[in-house]
Amino acid sequence: MGNFPTAVKHCLSYEQLIKDYPWLRRWLQEEKTKYPEFVKIVEVGPRDGLQNEKEVVPTKVKIQLIDMLSGTGLSVIEATSFVSSKWVPQMSDHSDVLRGIQRAPHVQYPVLTPNMQGFQDAVAAGATEVAVFGSASETFSRKNINCSIDDSMLKFEEVIKAAKEQQIPVRGYVSCALGCPYEGRIEPAKVAEVASKLYGIGCYEISLADTIGVGTPGSMLQMLQRVTQEVPISALAVHCHDTYGQALANILTALQVGVSVVDSAVAGLGGCPYAEGSSGNVSTEDVVYMLHGMGIETGVNLDKVMEAGDFICSALNRKTNSKVSLARNRKL
Amino acid sequence: SWMSEVACPQGFCMLTALLSSKTKYPEFVKIVEVGPRDGLQNEKEVVPTKVKIQLIDMLSGTGLSVIEATSFVSSKWVPQMSDHSDVLRGIQRAPHVQYPVLTPNMQGFQDAVAAGATEVAVFGSASETFSRKNINCSIDDSMLKFEEVIKAAKEQQIPVRGYVSCALGCPYEGRIEPAKVAEVASKLYGIGCYEISLADTIGVGTPGSMLQMLQRVTQEVPISALAVHCHDTYGQALANILTALQVGVSVVDSAVAGLGGCPYAEGSSGNVSTEDVVYMLHGMGIETGVNLDKVMEAGDFICSALNRKTNSKVSLARNRKL
């Protein structure tokens, strides 16, 4: 075996180990590529998707979209946002949408509630799950919701306290998790701080959002490694935007770390307000295609999602952002 | 057994190295730029020779070390490539850049050499039906033609790259057995190709099928001789490339601006875009030697000439940033 230091130096060479033990490479691949057996898809098309579409969509179209999605096997469909209609006109019919949809059994319909007013309106309209939207970037927080991260947490604490009293679960978002349009690079430690704060005040799940889609498997891994030091992985979700085409690769990376909740939007609805003409949300169809191809269960029927996608794209008079949908529909 | 080896200090070191290797990626990835060939070949608009030459010349200044320049295939089959000799003679060859050209048979090879080719490529298939429909002969017969080409190429010290199309699925046969891909890849390697590019011709592959296929192929072809050629028709390309990198592949084919549609899914995209691949690799700390901005410039140029939008999301995001 030789003396210990030489043996150590010899062994610590990965390349040497692969040469000495050829079976090791295959074993390592199998270890590296452990994936969850089931991934929960959180469908954000009707909210995050439509919110970022230029065309204002009639209430009945929104309701029909959600009803179609309710029949696809999706278990979570973010229905609308109880935000002030002067800020987000697309979501001004929030109460009508929430009241108008046909709730499917075993499907949750969370709604965004940025503050107590929104929360109260949501409850009045029948909300049974809500979501709050924090940011890992101070500048983005101030520009997007007009207050500092710390102040936003106080508002969320209010909402969560009221929600707890009514047994309404609250989901938390951390935007700019992989980069900010104003601040640029965001420190993983900051994302961890905000995520753990949201988890600590009572959010059952924290969705880490790559708001401008600049993340790559490199930054995604780094960020998740830091966040998982403070928030249990079972409570984490990823919300990847496909603005730079990186979403599926980033999602794959997250799955390898052990994340098993993925946000996506039917037809890849929603552009990016920070890069005009660019895409935003990753499309549910493309995510489901990938997961099913990997043998990962989702409970979702891809064909039915494509039907819902066809419907909303037709109503919006736009092409789908889903490559799977495009390929399947146009097959010669 | 390996258990007794683990018990000793050597084994302990093995476990340490094992744990630290969990996210090992190659330090450097060679990009093989196929825009001027695979890209343009699948574009509807026939592009003038001088535009092709200018595209290649622009790409030559980006840091790319391999640019597939054209295809010496019969012009009645692929009119877009009918100016192959003029293109190859017209480009300004940058030092340290290779300009491989496709040569499906001896005739093509001879024309390529006459036009100054210093590297060639042959195109096999893992699907019998695709082979017959695409190049009009069985896989076995195509191998005979390639052997001819490779023999002649060896005599002139011209390296030959091999492609295996339909590596993750065929538009006619559907699912393709990894064993079949391994068989064709190892045959091409055995007859003398220095590198084998495994092509997901219709983009149906996922990280699942990519991993399965590579695990089988690497039993017969050394990983350092493998490349992946992913099409983005189903949006899976980057995820598939990531998977390949994790297995140890370090050569990736891509096309500037994601040029080239898919002849089997009208309106869909084809090649993955070089810009999006480079963005991902650089974001992961993987070196490529490629200057992303310069590739985007070349992409802007060719899209403008083709009067079409880029297929690269990175390019779209960067150009349209508010």
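Starting from 1, residues in each chain are numbered consecutively following that chain's sequence as written. Chain letters start at A and ligand numbers start at 1, both assigned in the order the entries are written. Reporting in this predicted model follows two pLDDT cut-offs: at least 70 for local features of residues, and 80 or more for side-chain atom pairs to be given and counted; totals over whole chains, interfaces and linings ignore these cut-offs and use all residues. Working from all heavy atoms in the structure, the side-chain values ignore hydrogens and water.

Draft legend 1. Structural context of the overall build of chain A. Put simply, DSSP marks the helices as runs of H or I at least four residues long and the strands as runs of E at least two long, and each gets a number from the N terminus on. Scanning chain A for helices and strands turns up 15 helices and 9 strands. The buried label applies to any residue whose accessible area, calculated with a 1.4 Å probe on protein chains only, is under 20% of its type's maximum; exposed applies above 50%, and partly exposed to all values in between. Of all 332 residues assigned to chain A, the portion counted as buried reaches 58%. Long-range pairs, those at least 24 residues apart, make up 75% of the contacts in chain A between residues at least 6 apart in sequence. Surface accessibility in these figures is a Shrake-Rupley result with a 1.4 Å probe; residues are shielded only by whichever protein chains are displayed. For chain A, the accessible area works out to roughly 13200 Å², and carbon and sulfur atoms hold 50% of it. Contact criterion: two residues are considered in contact whenever any of their non-hydrogen atoms come within 4.5 Å of each other.

Draft legend 2. Focus on the sheet that holds strand β9 (residues 261-264) of chain A. Residues and elements named next belong to chain A. Here the rule is simple: two strands pair whenever DSSP picks up at least two bridges between them. As summarised here, the arrangement of the 9 strands in space is β2-β1-β9-β8-β7-β6-β5-β4-β3, forming an open sheet in which the pairing is parallel. For this open sheet the edge positions go to β2 (76-77) and β3 (80-81), each flanked by a neighbour on one side alone. Across 4 bridges, strand β6 (residues 170-175) lies against strand β7 (residues 205-210) in parallel orientation. For Y173, the partnering residue across the bridge sits in β7 and is S207. Orientation is described by lines fitted to C-alpha atoms, with helices fitted over the stretch in contact, and by angles between N-to-C directions that extend from 0 to 180 degrees. Packed onto the sheet, helix α9 (residues 149-165) meets β5 (130-135) and β6 and runs at close to 165° relative to β5.

Draft legend 3. Representation of helix α12 (residues 247-257) of chain A in the model. Of all 11 residues in α12(A), 9 are buried, a share of seventy percent or more. Directly beyond the C-terminal end of α12(A), a positive phi value near 120° is found at A:G258.

Draft legend 4. Broad picture of the UniProt feature "domain: Pyruvate carboxyltransferase" (unreviewed entry) in chain A. UniProt positions are given in the numbering used here, feature names are shortened, and annotations may be inferred rather than shown by experiment. Per the UniProt entry, the sites bearing "domain: Pyruvate carboxyltransferase" (unreviewed entry) are residues 39-306 of chain A in this numbering. In residues 39-306 of chain A, the share of helix is 41% and the share of strand is 14%. The end C-alpha atoms are 19 Å apart.

Draft legend 5. Region of the structure containing the pattern of salt bridges. Salt bridges, as used here, are contacts in which a Lys or Arg side-chain nitrogen is within 4 Å of a carboxyl oxygen on Asp or Glu. Under the counting rule described, the total for this entry stands at 24 salt bridges over all chains. A salt bridge links B:K313 to A:D242; the shortest N-O distance between them is 2.6 Å. Here B:K313, found in helix α14 (residues 313-319), pairs with A:D242, found in the loop between β8 (236-240) and α12, and the two come from separate chains. One salt bridge in this structure joins B:D253 and B:R161, with 2.8 Å as the shortest N-O distance. A residue pair is termed long-range when its members are at least 10 positions apart, and B:D253 in strand β9 (residues 251-254) and B:R161 in strand β6 (residues 160-165) qualify at 92 residues.

Draft legend 6. The arrangement of the sheet that holds β9(B) in detail. All names here are of chain B. The strand order across the open sheet formed by 9 strands is β2-β1-β9-β8-β7-β6-β5-β4-β3, and the pairing between neighbours is parallel. Both edges of this open sheet fall to β2 (66-67) and β3 (70-71), since each of them pairs with a single strand only. Summarising the sheet, β6 and strand β7 (residues 195-200) pair through 4 bridges and their orientation is parallel. When the bridges of β7 are listed, R161 appears paired with E195. Helix α8 (residues 139-155) rests against β5 (120-125) and β6 of the sheet, and its axis sits at about 165° to β5.

Draft legend 7. Looking closely at the pairing of β6(B). All names here are of chain B. Across the 6 residues that make up β6, a large majority, 6, are buried. Of the two faces of β6, the one lined by V160, G162 and V164 and the one lined by R161, Y163 and S165 are each fully buried. Two elements, β5 and β6, share 6 bridges in a ladder whose sense is parallel. When the bridges of β6 are listed, V122 appears paired with G162. Of the crossover connections in this fold, the one passing from β6 over helix α9 (residues 178-190) to the parallel β7 is right-handed. Orienting the strands away from the viewer, one traces the path from the first strand over the helix to the second; a clockwise path indicates a right-handed crossover.

Draft legend 8. Region of the structure containing the confidence of the model for chain B. pLDDT: the predictor's confidence for each residue, scored from 0 to 100. With 92% of its residues at a pLDDT of 70 or more, chain B shows a mean pLDDT of 92. Model confidence for the complex: the whole-complex pTM is 0.91, and ipTM, which rates the interface, is 0.91.

Draft legend 9. The arrangement of the packing of aromatic side chains in detail. Two rings belonging to Phe, Tyr or Trp (six-membered ring only in the last case) form a pair when the distance between their centres is within 6.5 Å. Interplanar angles under 30 degrees mark stacking, angles over 60 mark edge-to-face geometry, and anything in between is tilted. Evaluation of the coordinates by the stated rule reveals 6 aromatic pairs over all chains. Ring plane angle 25° and centroid distance 4.9 Å describe the contact between A:Y289 and B:Y234, whose orientation is recorded as stacked. Of this pair, A:Y289 sits in helix α13 (residues 284-293) while B:Y234 sits in the loop between β8 (226-230) and α11 (237-247), which puts the two residues in different chains. Judged by centre distance (4.4 Å) and plane angle (15°), the ring pair of B:F123 and B:Y163 falls under stacked. Highlighted residues: B:F123 in strand β5 and B:Y163 in strand β6, separated in sequence by 40 residues. A relative accessible area of 22% means that B:F123 is categorised as partly exposed. Residue classification places B:Y163 among the buried positions, given a relative accessible area of 0%. In this structure, A:R47 is placed above the aromatic ring of A:Y173, and the distance from its NZ or CZ to the ring centre is 5.9 Å. The lysine or arginine in question, B:R161, covers the ring of B:Y163, its NZ or CZ lying 5.2 Å from the ring centre. Look at NZ for Lys and CZ for Arg. If either is within 6 Å of the ring centre and within 35 degrees of the ring normal, a charge sits over the ring.

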